[in-house]
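Remarks on the overall topology
Below are the chains, spelled out letter by letter.
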Amino acid sequence: MNDWIVKSEPESYSWSQFVKDGKTAWTGVRNFAARNHLRAMKKGDAVFFYHSGDDKAVVGVAKVEKESYPDPTAKEGDWSCVDLSSVKPLAKPVTLAQIKADKILKEMVLAKQSRLSVSPVTKEQFERLLALAGTKL
């Protein structure tokens with residue numbers, strides 16, 4: 001099992017909307033590296049949900065419900081999506097500033113390639129994020 005992080009602007013699709021929906025198809029990714037990460041996701045993998053834009057914070061945990069399949073929103077090209085379900089909100093959001101200041105988390109792809117909308121998270125980073133958030137799964 002692997003761990004991941006996906007990003008969304010709250011104005012486009014927020015954590016609260018995701019919780020209300022229960023699950024969603026994670027569509028619209030149009031970056032080759034992010035697409036490859038989607039294709040590597042396996043059913044049951046944990047996924048952090050990150051609010052980009054003004055918030056810039058990890059706010060919840062989701063999981064992969066359905067592995068990669070062709071993105072129905074793609075008009076052309078070879079793009080993929082996965083189905084995610086919400087698991088639980090973080091007790092305390094973990095901000096990008098906290099991530100960049102943390103000796104373990106500053107190496108996250110999120111901190112180094114901020115424009116990438118889907119990226120992997122190591123087990124150590126996953127556990128550290130949960131600890132900073134005061135959240136147990």
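My aim in this report is to walk through the structure given alongside it, one point at a time. Here the structure is a predicted model, which is why all the values come from computation and not from measurement. (Residues numbered from 1 in each chain as written. Predicted model: local features only at pLDDT ≥ 70, side-chain atom pairs only at ≥ 80, totals over all residues. Heavy atoms only, no water.)

1. Regarding helix α5 (residues 123–133)
Our working definition: Throughout, exposure labels follow a simple rule: accessible area from a 1.4 Å probe, protein chains only, divided by the maximum for the residue type, with under 20% read as buried, over 50% as exposed, and the rest as partly exposed. Helical segments are the DSSP runs of H or I of at least four residues, strand segments are the runs of E of at least two, and each set is numbered from the N terminus. The reported arc concerns the directions from the helix axis to the C-beta atoms and nothing else. We call two residues in contact when some of their heavy atoms are within 4.5 Å.
Turning to α5, its buried residues are Q125, F126, L129, L130 and A133. Buried residues in α5, looked at end-on, bunch into an arc of 135°, giving them a common side. In this structure, the buried side of α5 is in contact with β1 (3–8), β3 (46–51), β4 (57–70), β5 (80–95), α3 (96–101) and β6 (118–121). G134 sits one or two positions beyond α5 and adopts a positive phi of about 65°.

2. Section: the sheet that holds strand β2 (residues 23–26)
Strand pairing in a sheet relies on backbone hydrogen bonds. The paired strands run either parallel or antiparallel. The line we're drawing: At least two DSSP bridges between two strands are needed for those strands to be called paired. To get an axis, fit a line to the C-alpha atoms, keeping to the stretch in contact for a helix; angles then go from 0 to 180 degrees between the N-to-C directions.
Ordered in space as β2-β5-β4-β3-β1-β6, the six strands form an open sheet in which the pairing is mixed. Strands at the two margins of the open sheet, each flanked by one partner only, are β2 and β6. Adjacent strand axes in the sheet meet at a mean angle of 35° when their direction is disregarded. Bridge count for β3 against β4 is six bridges, and the pairing is antiparallel. Along β4, the bridge assignment pairs F48 with V61.

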